[in-house]
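Residue-level structural notes
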2 protein chains.
Amino acid sequence: MTVDAQILRALRQAGEAPVSGADFAEKLGITRAAVWARIEDLRKLGYDIHASPHGGYRLRSAPDLLHADDLLAVLGLGHIIGRDIQVFQETTSTNDVVDKLGRDGVKEGVVVFADSQTKGRGRLGRHWISPGGKGLWFSILLRPPLSPQSATQITVAAATAVARAIRHKTRLPSEIKWPNDILVRRKKVCGILTEMSAELDKIKYVVLGIGVDVNFNESDFPVDLRSIATSLKVELDHSVHRAELAAELLRELDADYHRLLGGKFEAVADEWEQHCTTIGHHVEIAAGSRKIEGHAESLDSEGALLVRTQHGRLERIIGGDVTLRA
Amino acid sequence: MTVDAQILRALRQAGEAPVSGADFAEKLGITRAAVWARIEDLRKLGYDIHASPHGGYRLRSAPDLLHADDLLAVLGLGHIIGRDIQVFQETTSTNDVVDKLGRDGVKEGVVVFADSQTKGRGRLGRHWISPGGKGLWFSILLRPPLSPQSATQITVAAATAVARAIRHKTRLPSEIKWPNDILVRRKKVCGILTEMSAELDKIKYVVLGIGVDVNFNESDFPVDLRSIATSLKVELDHSVHRAELAAELLRELDADYHRLLGGKFEAVADEWEQHCTTIGHHVEIAAGSRKIEGHAESLDSEGALLVRTQHGRLERIIGGDVTLRA
């Protein structure tokens, strides 16, 4: 952990209680003047750190800014997802950055955020709008001991965690649209893109990309998307602190990844089904050149969607574009 | 096509008939002196090109050398695999080189050979011995319109094609060991490594890596491998022209890839089963931490192995290490 991360962590843990410069200096093994200099730098970033001459330092508020050290401080230790965090001002696509880390053999759990992406992408190479300051665009490196056939489990766990984090943080009624969208009031606020590098029977690594439309105004969306996309701000009528939401997302993602690794995918899938708009509905699914229509019955143990067609056959669908039918 | 490739192609098409310098100069749009200079360079590489003062040029023999232009000349046009060929003297792993081409959006069909690899690898990151001049180490970039679930089809098609090419070229009784080895007299002569980059429901690209132990002497193998590995030279008692074998391999691989793309995977699978040592035997399969024992019955439509366990259940196996049992 960097000095900044340790300072922020100590301030956050102390809450209303001030932390003295002497305490910092001793814990961090630096001079009180050096502590003062770090605090001054954090203040320049927008951290409102109050200093009383005899009492010490107190964090009054944090800026709506993605700061790797602060996210690490908020999350604490002992988890996989968020073990290491990097924040870029701008990148092509956070999935590309994390893919490179995966090839380079970096340990799982690293998270890469970008304030903005110049080539953000969704499923099948579709463009993903990701302007600066308006959303959370991040990717996570995972190395689950799964076959490529079971990779859908990762998307299911991620969707469950993201939907829960949004509910906790905003109280909005977030729902899941199979396989990879999070909706609020039938409009998309978040997309999940799972990419992997694999041998036939073994995943080498997964890049889990997540994009959340946090503080978009309605006018930030292209006209043709306004009927199907929304943001947390539009739905709440006020903006959301991105860094706080980011921490909540990473916490919940880590929790569900642990459930999955611990062999508790069924519990995740149960929660997923409770919040899913797809299960129990008549759906039409376009998967490549194929179209399947039927009743979405449930998820199977690998995360595939089981659809009963009009001929009574149960089809196992691993991906595609879902449309709800009346 | 380069000038060298065009010269070699014309010489090979003419066979015993000489091609005049004037013909070359006209076809290639260069001077007769320039033709002469190219021929001289080819001779330096070991191409035995006979020149008669009035008759013209004739190719008497080609060196046992991997030459991209000559492979392109031998293969001709109109195929996918071998559309473009690159030959490296040495590389880490040809799969790494082709993976990079895949990421860069290069069209499918490009083949990368290396005379030797410093970090050749087999399944699950195992080391693959790949010394210079002794074998064929190459990788092919493919972009099949398949889901990751069906990627085993690629390995099945590749194994079928490689086994056939070895039979054609050497008359050796090559057999397939599911999922990815080619054996001669129960010893491995070739391994196939299929790696992919994919979204959940769509392959972005496949890197098909193939390593053939062509001209190893028995003493070239580490002692502990001598009971399970062999080379074409050891089995034939004479060496094999690597470039000719390479051309035959690419031709057959292209043929089976076309069968697969044309929806004829079943025909490929039928041929595969005829030459497979695994089907019809009692096998033990180690797949990760799992061990499955039973009777290997057949392949399914996606290329997975169907094994009937002692409890009568049919298990669908997508990869693993197979041992034949008595």
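One structure accompanies this document, and this report is about it. Please read all numbers here as calculations on a predicted model, not as lab measurements.

With that settled, the discussion passes to the relation of the copies chain B and chain A. It takes a turn of 180 degrees to lay chain B on chain A, together with a shift of 0.0 Å along the axis; the resulting RMSD is 0.0 Å. Both chain copies can therefore be described as sitting about a two-fold axis. For chain B, the minimum C-alpha distance to the rotation axis belongs to S197(B) and amounts to 2.3 Å. Both copies present the same face, since 100% of the interface residues in chain B are matched by interface residues at the equivalent positions in chain A.

Turning our eyes to something else, we now look at the pattern of salt bridges. Using the criterion set out here, one finds 66 salt bridges over all chains in the structure. Between R121(B) and D96(B) there is a salt bridge, with the nearest N and O atoms lying 2.9 Å from each other. Taken together, the residues R121(B) in the loop between β4 (110-117) and β5 (135-142) and D96(B) in helix α5 (residues 94-103) connect sequence positions 25 residues apart. For R121(B), a relative accessible area of 25% corresponds to the partly exposed category. Note that D181(B) and K188(B) form a salt bridge whose closest N and O atoms lie 3.0 Å from each other. Note on K188(B): relative accessible area 23%, which makes it partly exposed. Each member of the salt-bridge network shares a partner with another, and the members are R164(A), R167(A), E252(A), D256(A), R259(A) and E271(A).

Right, let's talk about the packing of helix α1 (residues 3-14) of chain B against helix α3 (residues 32-45) of chain B for a bit. All names here are of chain B. One way to put it is that α1 packs onto α3 with a least axis distance of 11 Å and a crossing angle of 80 degrees. In terms of axis orientation, α1 runs roughly perpendicular to α3. For the pair α1 and α3, contact is made by V3, D4, I7 and L8 and by R38, I39 and L42, respectively.

Contacts between the two partners involve 27 residues from chain B and, on the opposite side, 27 residues from chain A. On inspection of chain B and its partner chain A, the count reaches four salt bridges. Close ionic contact of R123(B) with D201(A) constitutes a salt bridge, the shortest N to O distance being 3.3 Å. The tally of links from chain B across to chain A stands at eight residue pairs in polar contact (both at pLDDT 80 or more). Counting residues per element, the ones that place at least two in the side of chain B that touches chain A are α5, α6 (152-170) and β8 (187-199) of chain B. At seven residues, β8(B) tops the list of elements feeding residues into the side of chain B that touches chain A. Class assignment for the residues of the side of chain B that touches chain A results in eight nonpolar, 10 polar and nine charged.

Our focus in this paragraph is helix α8 (residues 242-261) of chain B. All names here are of chain B. If you check α8, its first and last C-alpha atoms are 28 Å apart, about what 20 residues at 1.5 Å a residue would give, namely 28 Å. Across the 20 residues of α8, 14 count as buried, placing the element largely inside the fold. G263 sits one or two positions beyond α8 and adopts a positive phi of about 80 degrees.

On to the environment of R185(A), then. Residues and elements named next belong to chain A. With respect to the secondary-structure elements, R185 resides in the loop between β7 (181-184) and β8 (187-199). Along the backbone, R185 and V35 are 150 residues apart, and their C-alpha atoms lie at a distance of 47 Å. Residues in contact with R185, not counting those within four places in the same chain, are L172, P173 and E235. Side chain to side chain, R185 and E235 meet in a polar contact 2.7 Å long.

As a further point, take the pairing of strand β4 (residues 110-117) of chain A. Residue and element names in this part refer to chain A. Within β4, eight of the eight residues are buried, leaving the element largely enclosed by the surrounding structure. Relative to β4, strand β3 (residues 84-91) runs parallel, the two being bridged by seven bridges. Its bridge partner lying in β4, E90 is registered against S116. Crossover β3 to β4 through helix α5 (residues 94-103) is right-handed.

A complete count under the given rule lists four cavities of 30 Å³ or more for this structure. Each pocket or cavity is described by its volume, and for the largest cavity that value is around 80 Å³. Residue lining of the largest cavity: R123(A), T155(A), P179(A), N180(A), I192(A), L193(A), T194(A), I318(A), G319(A), E199(B), L200(B) and D201(B), and that is the complete set. Class assignment for the residues of the lining of the largest cavity results in five nonpolar, four polar and three charged.

How each quantity is defined
- Residues numbered from 1 in each chain as written.
- Chains lettered and ligands numbered in written order.
- Predicted model: local features only at pLDDT ≥ 70, side-chain atom pairs only at ≥ 80, totals over all residues.
- Heavy atoms only, no water.
- Least-squares fit on C-alpha atoms with pLDDT ≥ 70 in both.
- Contact = heavy atoms within 4.5 Å.
- Salt bridge = Lys/Arg side-chain N within 4 Å of Asp/Glu carboxyl O.
- Helix = DSSP H or I, 4+ residues; strand = E, 2+ residues; numbered from the N terminus.
- Buried < 20%, exposed > 50% of the residue type's maximum accessible area, 1.4 Å probe, protein only.
- Axes fitted to C-alpha atoms, helices over the stretch in contact; angles between N-to-C directions.
- Parallel < 35°, antiparallel > 145°, perpendicular 65-115°, else oblique.
- Polar contact = N/O pair within 3.5 Å; in protein donor to acceptor, adjacent residues only side chain to side chain.
- Nonpolar A, V, L, I, M, F, W, Y, C, P; charged D, E, K, R; others polar.
- Expected span 1.5 Å × (residues − 1).
- Pairing = 2+ DSSP bridges.
- Right-handed = clockwise from strand over helix to strand, strands pointing away.
- 1 Å grid on protein atoms, 1.4 Å probe; cavity = no way out; pocket = protein on both sides within 12 Å on 5 of 7 lines; lining within 4 Å.
- Points joined across faces, edges and corners; volume = space filled by probe spheres on them.

Spatial relationships are all this shows, so hold off on functional conclusions.
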